[in-house]
Amino acid sequence: YHGDEPRPTQIPYIAAGFFFARAECLTDWPFDPYMPWLFMGEEIALSMRAWTNGWNIYAPRKNLIAHQYRPGRMGLPKFWGTVNRLYQGRPGNNVLQRPPLKRIKHLVGYPDSTLEKIKEENLEYVLTDLEHFGLGTERSWEEYMDFAFMSIDKEKDAIVCKRNTWCNS
């Protein structure tokens, strides 16, 4: 994608802070109420859910508008900063974010978040209503991973991008 294409380009990722869709998306892949306090992981989950429900994702031909995402440089708290203040400002995921993060990791296929591992950890509650807020049936998880040039690295317990080196750093 270079920005000078004659028409919008199909892409595998939704930008959660900037996307437009027909209202039917809320029926086909409604926002998941079991993912509060989550920032990291929201976009891959939205992307997979939309795509597996048969929705195509496109990037505009030109960037006409943008939002400034720099609250830290402006002296304003970031989303995760307000949550982490409750936990003495420790970086990383806190106790509120861990269950939804486990839910997303299960949804997108991380090896450490299989159904068996979730049961071993007595965390089955993180899968509540996943049949309603999970992946769709129009396209498979495997088809999405191929389309997005992604794979699972079981040794690193990570999603790896085969083509976009920026997402492996």
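Here is what the cut-offs are and how they apply
Numbering of residues begins from 1 in every chain and follows the order in which that chain's sequence is written. Local features in this predicted model are restricted to residues whose pLDDT is 70 or higher, and side-chain atom pairs enter the listing and the counts only when it is 80 or higher, whereas totals over whole chains, interfaces and linings include all residues. Hydrogens and water are ignored here; the side-chain numbers use all heavy atoms of the structure. Going along the chain from the N terminus, every DSSP run of H or I of four or more residues is numbered as a helix, and every run of E of two or more is numbered as a strand. Buried, partly exposed and exposed residues are distinguished by accessible area as a fraction of the type maximum, computed with a 1.4 Å probe on protein chains only: under 20%, between the cut-offs, and over 50%, respectively. Only heavy atoms enter the contact rule, under which two residues are in contact if any of them lie within 4.5 Å. Shrake-Rupley sampling with a 1.4 Å probe provides the accessible areas, and residues are treated as covered by the protein chains on show and by no other component. To qualify as a nonpolar core, a set must consist of buried Ala, Val, Leu, Ile, Met, Phe, Trp, Tyr and Cys residues joined through side-chain atoms within 4.5 Å.

Engineer: Could you give an account of the overall build of the protein, with specific residues and numbers?
Structural biologist: Assigned secondary structure in the protein consists of 7 helices and 4 strands. If you list the helices and strands of the protein from N to C, you get β-α-α-β-α-α-α-α-α-β-β. For the protein, the proportion of its 169 residues judged to be buried stands at 31%. Of the contacts formed within the protein by residues at least 6 apart in sequence, a portion of 67% connects residues at least 24 apart. For the protein, the exposed area adds up to about 11300 Å²; of that, 55% sits on carbon and sulfur atoms.

Engineer: Before we move on, could you go through helix α2 (residues 42-52) and cite the residues and values that matter?
Structural biologist: Because an α-helix completes one turn every 3.6 residues, residues spaced three or four positions apart along the sequence face the same direction. Most of α2 sits out of view: 9 of its 11 residues are buried. Those residues of α2 that are buried are in contact with β1 (9-11), β2 (57-59), α4 (98-108), α6 (130-133), α7 (141-147) and β3 (150-153).

Engineer: Please set out the nonpolar core residue by residue, giving values where relevant.
Structural biologist: Counting residues in hydrophobic clusters, the biggest one holds 21 residues, and the most contacted among them are M48, I104, V108, Y144, M145 and M150. Those elements that place two or more of their residues in this core are α2, α4, α7 and β4 (158-161). Beyond its immediate stretch of four places on either side in the chain, Y144 contacts P12, Y13, I44, S47, M48, W51 and M150. Counting residues in each nonpolar core, the second largest holds 7 residues, with W29, L46, A50 and I57 among its members.

All quantities given are derived from atomic positions and should not be read as evidence of function.
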